[in-house]
Each structure stands twice: as structure tokens, then as C-alpha cells.
Amino acid sequence: MSMDGKDIRKVIVACDAGMGSSVMLATQLRKQLKGTGVEVVHTPVNQIPADADVVLTHAGLATRAQAAAPGKLVVPFQVFLGDPAVTRLVETIKKGGTVGA
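Draft legend 1. Fine view of helix 3 (residues 84-95). Here helix 3 is 12 residues long and its end C-alpha atoms lie 16 Å apart, about the 16 Å a rise of 1.5 Å per residue gives. Along helix 3, the positions that sit buried rather than exposed are Ala 85, Val 86, Leu 89, Val 90, Thr 92 and Ile 93. The buried residues of helix 3 occupy one face: seen down the axis, they fall within an arc of 165 degrees. Set apart from the buried face of helix 3 by more than 90 degrees, the exposed residues are Pro 84, Arg 88 and Lys 95. A side-chain oxygen of the first residue of helix 3 lies 2.8 Å from the backbone nitrogen of Ala 85; this N-cap is Asp 83. Just downstream of helix 3, Gly 96 is the residue with a positive phi angle, here 90 degrees.

Rendered as C-alpha cells:
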């Protein structure tokens, strides 16, 4: 699944247990995407809202995120801060282009 970065309006940072690292990532994304009109929400992986455009989650939770949000673009990452997948997502939202495979 893929989508145009300019069409993204809601990014979900999904985690397993409300760990501080994922909350920090959501806060960082809000700052980076300020002024783009994109909402960033932090939720448990099993409670991904239906209006999500993109689900950003640790690679170890990607399968669970896909099951919890069928038909949504899931972007897995390896590290909470500075991961290239997160950087690409932010840049694609800001500049346009395709997100996903």
C-alpha cells in the first residue's frame, strides 16, 4: 500500500504499552509537522482509530498494527529517534511524493 504524502492528514504513533519513547516520538513528529495540517496521535497498537492515514510503529509491532488497522499504511521503524523511515515520512509529507511500497 502507498499514498501521496500531501494526502496524509492523520499519523498515528502506535505502541504496545505507552512507553515513554513512543510518546517522545509523537511529540517530536508534532513539532516537525507543525503547519502542515497533519494531526499526530499516540495510541496503543490495538486501538488505532479508523480515521488514521498512516500508522507509524516499531517494526516488532507492525504485524499487530496491520491486523488492527486493515487497509491503512503501516510504516515500521527500528529506533524511536532518528530512524530513516520516520525522516522519510516527515519529508514526504512536507514535500510530497509517495509513502509506502
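Draft legend 2. A look at the pairing of strand 4 (residues 54-58). Burial of strand 4 is extensive: four of the five residues sit out of reach of the surface. Inspection of the sheet shows strand 2 (residues 10-15) paired to strand 4 by four bridges, in the parallel sense. In the strand pairing of strand 4, Val 11 is matched with Val 54. The pairing of strand 4 with strand 5 (residues 73-77) spans five bridges and is parallel. Opposite Val 55, over in strand 5, you have Val 74 as the bridge partner. Tracing the backbone out of strand 4, into helix 2 (residues 62-68) and back to the parallel element strand 5 gives a crossover that is right-handed.

Draft legend 3. Structural context of the packing of helix 1 (residues 20-32) against helix 3. One way to put it is that helix 1 packs onto helix 3 with a least axis distance of 11 Å and a crossing angle of 25 degrees. Here helix 1 is positioned roughly parallel relative to helix 3, judged by the angle of their axes. Crossing angle aside, the handedness with which helix 1 passes helix 3 is right-handed. Every residue of helix 3 that contacts helix 1 at Leu 25, Leu 29 and Gln 32 is listed here: Val 86, Val 90 and Lys 94.

Draft legend 4. Summary view of the sheet that holds strand 4. The four strands are arranged 3-2-4-5 in an open sheet whose pairing can be described as parallel. Each edge of the open sheet carries a strand with a single partner, namely strand 3 (39-44) and strand 5. Adjacent strand axes in the sheet meet at a mean angle of 25 degrees, parallel and antiparallel pairs treated alike. Helix 1 contacts strand 2, strand 3, strand 4 and strand 5 of the sheet and is inclined by roughly 170 degrees relative to strand 3.

Calculation criteria
- Residues numbered from 1 in each chain as written.
- Predicted model: local features only at pLDDT ≥ 70, side-chain atom pairs only at ≥ 80, totals over all residues.
- Heavy atoms only, no water.
- Helix = DSSP H or I, 4+ residues; strand = E, 2+ residues; numbered from the N terminus.
- Expected span 1.5 Å × (residues − 1).
- Buried < 20%, exposed > 50% of the residue type's maximum accessible area, 1.4 Å probe, protein only.
- Arc of directions from axis to C-beta.
- Polar contact = N/O pair within 3.5 Å; in protein donor to acceptor, adjacent residues only side chain to side chain.
- Pairing = 2+ DSSP bridges.
- Right-handed = clockwise from strand over helix to strand, strands pointing away.
- Axes fitted to C-alpha atoms, helices over the stretch in contact; angles between N-to-C directions.
- Parallel < 35°, antiparallel > 145°, perpendicular 65-115°, else oblique.
- Left-handed = near helix turned anticlockwise from the far one by under 90°.
- Contact = heavy atoms within 4.5 Å.

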